[in-house]
Amino acid sequence: MLAPGSTIGILGGGQLGRMLVGAAARLGYRSHVFTPEAESPAGLVTPFVTRAPFDDEAALARFAAAVDVVTFEFENVPAATAEFITARGKPMHPGPEVLRITQDRLEEKDFLRSVGVATTEYRAVNSLADLRRAAQQIGPRGVLKTVRLGYDGKGQVMLGPDSDLAEAWRRLGGAIAILEGFVDFACEVSVIIARNASGADATYSPVENRHVNHILDTTVAPARIAPEAAIRAEAIARHVADRLGVIGLLAVEMFLTRSGELLVNELAPRPHNSGHWTLDACATSQFEQHVRAICGLPLGSTARHCDAVMKNLIGDEVERWREWIADPSAKVHIYGKSEARPGRKMGHVTRLLPRG
Ligand code: AMP
């Protein structure tokens, strides 16, 4: 067990890192952020920052020597970075193998299928000929996604019966991709689960996510789904976390189809945007839970003291903070990014509601 006073190394300097630093600080831990960015949301809230590219071995060695455990706040940390740190004898949670699987959509889906979890139909696509074949097998409506480095709808092209496949393939820039069958879902849900080294786990209530332009816009907690579907969603998350051997948090994004089937869309082994509501509405936030899991502390209660609706403040939506800050039922979080570019997550606001 790593006691308060220890130092947590965080790879990545975004808002998830920033909120992790806050939760760690409350429990008496120090955080050391490793980020290539000159100014980062997480780097603004701790004095311990290494600013260097992820392949700078000298900087990584100094970082590894200065921390007691390493985690990450985004899953595109290069595999070589993770290996370098663990080779220096520093524990990394979740581990490099979890990172390897979840940073590659094809590996992730193959893994899910191998442990008996339902996903959308998918095919690997390495060329235009592959894409034509895959489209024939999967049907006219699909989503072509890069296998690596896609997020918030980047590296994705929606395909319909009239789509020009050559043009779609060009738009992805020839990157290795997968074609997924389009799911006409009733709603999107996610479950955030924490698991510690002794295999104990704790799940938050499934939540409902609404995306706009492929970016999460709103999370409704708890999800307005049948109790039986919520139980199934939590069981899927528990099974996946266990089979992956995650130490830390795992977010499991799922589609609930109109026939009631749950298909896993994506995994994220870290705090997740759809768990931000837990900061204000739960006994233990997802960020504190991640700290507890990676430091070997007992997991906290995931009990919800109220219902909540979380709205992301994207781009210049953040300028509406004055409205929200004057609302007694709203909790405003702003990430300290200096430039409000379109599509950029600038903050979020959680409206607290009586428990339904
Ligand atoms: P992803 O990056 O895979 O999480 O995709 C971002 C969003 O695009 C999802 O949350 C869905 O709203 C939509 N989407 C992705 N894949 C599919 C799919 N196969 N069928 C329908 N909608 C999808």
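Residues numbered from 1 in each chain as written. Predicted model: local features only at pLDDT ≥ 70, side-chain atom pairs only at ≥ 80, totals over all residues. Heavy atoms only, no water.

(A) Region of interest: the side chain of Arg270. Structurally, the position occupied by Arg270 is in the loop between strand S14 (262-268) and helix H9 (278-281). You can call Arg270 buried: its relative accessible area is 14%. In this structure, Arg270 is in contact with Leu16, Phe72, Glu73, Phe74, Glu75, Leu249 and Ala251, ignoring residues within four places of it in sequence. (Helix = DSSP H or I, 4+ residues; strand = E, 2+ residues; numbered from the N terminus. Buried < 20%, exposed > 50% of the residue type's maximum accessible area, 1.4 Å probe, protein only. Contact = heavy atoms within 4.5 Å.)

(B) Structural view of the site of the ligand. Near the ligand, the surroundings consist of 17 residues, among which Lys145, Gln156, Val183, Glu188 and Glu266 are the closest. Between the ligand and His211, the relevant distance is 3.2 Å, taken from an oxygen atom to a side-chain nitrogen or oxygen of the residue. Here the ligand has 470 Å² of accessible area as a free molecule, and 95% of this is covered by the chains. When residues of the shell around the ligand are traced back to their parent elements, those giving at least two are strand S6 (142-146), strand S8 (177-181), strand S9 (185-195), strand S13 (248-257) and S14. Residue composition of the shell around the ligand, by class: five nonpolar, six polar and six charged. Of the residues that make up the shell around the ligand, three or more belong to each of domain 2 (121-181) and domain 3 (185-353). (Near = heavy atom within 4 Å. Polar contact = N/O pair within 3.5 Å; in protein donor to acceptor, adjacent residues only side chain to side chain. Areas by Shrake-Rupley, 256 points an atom, 1.4 Å probe, with all protein chains shown as cover. Nonpolar A, V, L, I, M, F, W, Y, C, P; charged D, E, K, R; others polar. Domains from an automatic or database assignment.)

(C) Expanded view of helix H5 (residues 105-114). Of the positions making up H5, those classed as buried are Arg105, Leu106, Glu108, Lys109, Phe111 and Leu112. At the N-terminal end of H5, a side-chain oxygen is found 2.9 Å from the backbone nitrogen of Leu106, two or three residues along, and the residue is Asp104. Positive phi shows up at Gly116, right after H5, with a value of about 80°.

(D) Representation of the domain arrangement of the protein in the model. Here the protein is partitioned into domain 1 (7-92), domain 2 (121-181) and domain 3 (185-353). A straight line from the C-alpha centre of domain 2 to that of domain 3 covers 28 Å. At the interface, six residues of domain 2 touch five residues of domain 3. Taken together, the two surfaces of domain 2 and domain 3 that pack against each other cover about 440 Å², and 40% of this comes from carbon and sulfur. Applying the counting criterion to the domain 2 and domain 3 interface returns zero salt bridges. Applying the counting criterion to the domain 2 and domain 3 interface returns two residue pairs in polar contact (both at pLDDT 80 or more). (Buried area = accessible area lost by both parts, 1.4 Å probe. Salt bridge = Lys/Arg side-chain N within 4 Å of Asp/Glu carboxyl O.)

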